[in-house]
Structure formats: structure tokens, C-alpha cells
Amino acid sequence: MERKLRHSRQRERIYDYLKAARDHPSAENIYEALRAEIPGLSLGTVYRNLRLLEETGRIRRVITPQNAERYDARCYEHAHFVCDLCGRVRDMDAPDYASLKESCAGDDRVMWVNVTFGGQCRDCLREQKAVT
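Note that the coordinates shown come from a computational prediction; the quantities given were computed from them, not determined experimentally.

(A) Inspection of the overall build of the protein chain at higher detail. Looking only at helices and strands, one finds 5 helices and 5 strands in the protein chain. Secondary structure elements in the protein chain, listed N-terminal to C-terminal, are α-α-α-β-β-β-β-α-β-α. Based on the C-alpha atoms only, the size of the protein chain along its principal axes is roughly 50 × 45 × 20 Å. Going through the 132 residues of the protein chain one by one, you find that 34% of them count as buried. Of the contacts formed within the protein chain by residues at least 6 apart in sequence, a portion of 48% connects residues at least 24 apart.

As C-alpha cells, then:
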């Protein structure tokens, strides 16, 4: 059963911000970006609305290896790449999720898959190369 939410201007603005963002912002990033625009916005309000948006399937949370929570409004199946040096998170073309789910399921019913790759992003590699 889908949870019905009352309309909230703050929640809609947070969602709109996430839809436009390509950098998978943290709750703190979202708060800093919107606090001047939305009087009375608090970091707690941002966290509560992110949780509600995630529960209703409008956004998804991306956990980085440093346990930092980042958010993504693109909920189609895709993978993420997290840079171990700068912490950037970017979308990646995903493997064949249907085959992946089927091969891993066994007797279980796999409903979702979360694939995150880690390493060093091209920008950090370029910077390292420039220094050496």
C-alpha cells in the first residue's frame, strides 16, 4: 500500500532540488543550498523529508564506503561510482539487472539491487598525474 503524504512546499522543493542535482548531495548540502530560499528550513526538516521521499520511492539513498548518506532522485536501476579520494558520487551505466537478479535469487525473490563501485575518479587521477 502506497503511503499518502500531505503536500509540503518544503518537501517538493527538496525533491525538485534532487531531481536537478547530478552530484548526489548529502542532507547537509541540500540544507545549505535551500536554507536562504525557504525560511524556517532546518536540517532536521531536510532529514525527515528525505526519509519520507525515500519511503515513498521518489528518491533513493546511496551509502558511500565512509557511511556518508547521499541522495539520488533517479530511481531507475543504475550503479554508482564513489571516489575514495574526493568522495564524489556519480551514476554509471548498470549491468543487466534482470539477469543479475535472476542469477543471485536462488529460492528468494530479489526486488532490488544496489551496485556501488569504488576507486579513484578521473579528476583525482588527473590531479595525481599532474603532481608527479
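That was the structure; now back to the text.
(B) How the structure looks around the pattern of salt bridges. As enumerated under the stated definition, the model contains 10 salt bridges in all. Linked by salt bridges that have partners in common, Glu-54, Arg-61 and Glu-69 make up one network.

(C) Region of interest: the sheet that holds strand β5 (residues 116–119). Strands sit in the order β4-β3-β5 across an open sheet of 3 strands; the sheet is mixed. Strand pairing shows two members of the sheet lacking a second neighbour, β4 (89–92) and β5, which therefore form its edges. Taking the axes of each pair of neighbouring strands and ignoring which way they run, one obtains an average angle of 25° across the sheet. Both strand β3 (residues 79–83) and β4 contribute to a ladder of 4 bridges, which runs antiparallel. If you follow Val-82 over to β4, its bridge partner there is Val-89.

(D) Examining the packing of helix α2 (residues 27–34) against helix α3 (residues 43–55) more closely. Where α2 meets α3, the closest approach of the two axes is 9 Å, and the angle between their N-to-C directions is 120°. Between α2 and α3, the angle falls in the class oblique. In this structure, α2 crosses over α3, and the sense of that crossing is right-handed. Contacts from Ala-27, Glu-28, Ile-30 and Tyr-31 in α2 reach Leu-43, Val-46, Tyr-47 and Leu-50 in α3.

(E) View of the nonpolar core. Counting residues in each nonpolar core, the largest one holds 15 residues, and the members touching the most others are Ile-14, Leu-18, Ile-30, Val-46, Leu-50 and Ile-59. Among the secondary structure elements, those contributing two or more residues to this core are α1 (9–20), α2 and α3. For this core, the element with the most residues is α2, which contributes 4 residues. Discounting chain neighbours no more than four positions away, the residues touching Val-46 are Ile-14, Ala-27, Ile-30, Tyr-31 and Leu-41.

What counts and how
Residues numbered from 1 in each chain as written. Predicted model: local features only at pLDDT ≥ 70, side-chain atom pairs only at ≥ 80, totals over all residues. Heavy atoms only, no water. Helix = DSSP H or I, 4+ residues; strand = E, 2+ residues; numbered from the N terminus. Buried < 20%, exposed > 50% of the residue type's maximum accessible area, 1.4 Å probe, protein only. Contact = heavy atoms within 4.5 Å. Salt bridge = Lys/Arg side-chain N within 4 Å of Asp/Glu carboxyl O. Pairing = 2+ DSSP bridges. Axes fitted to C-alpha atoms, helices over the stretch in contact; angles between N-to-C directions. Parallel < 35°, antiparallel > 145°, perpendicular 65-115°, else oblique. Left-handed = near helix turned anticlockwise from the far one by under 90°. Core = buried A, V, L, I, M, F, W, Y, C linked by side-chain atoms within 4.5 Å.

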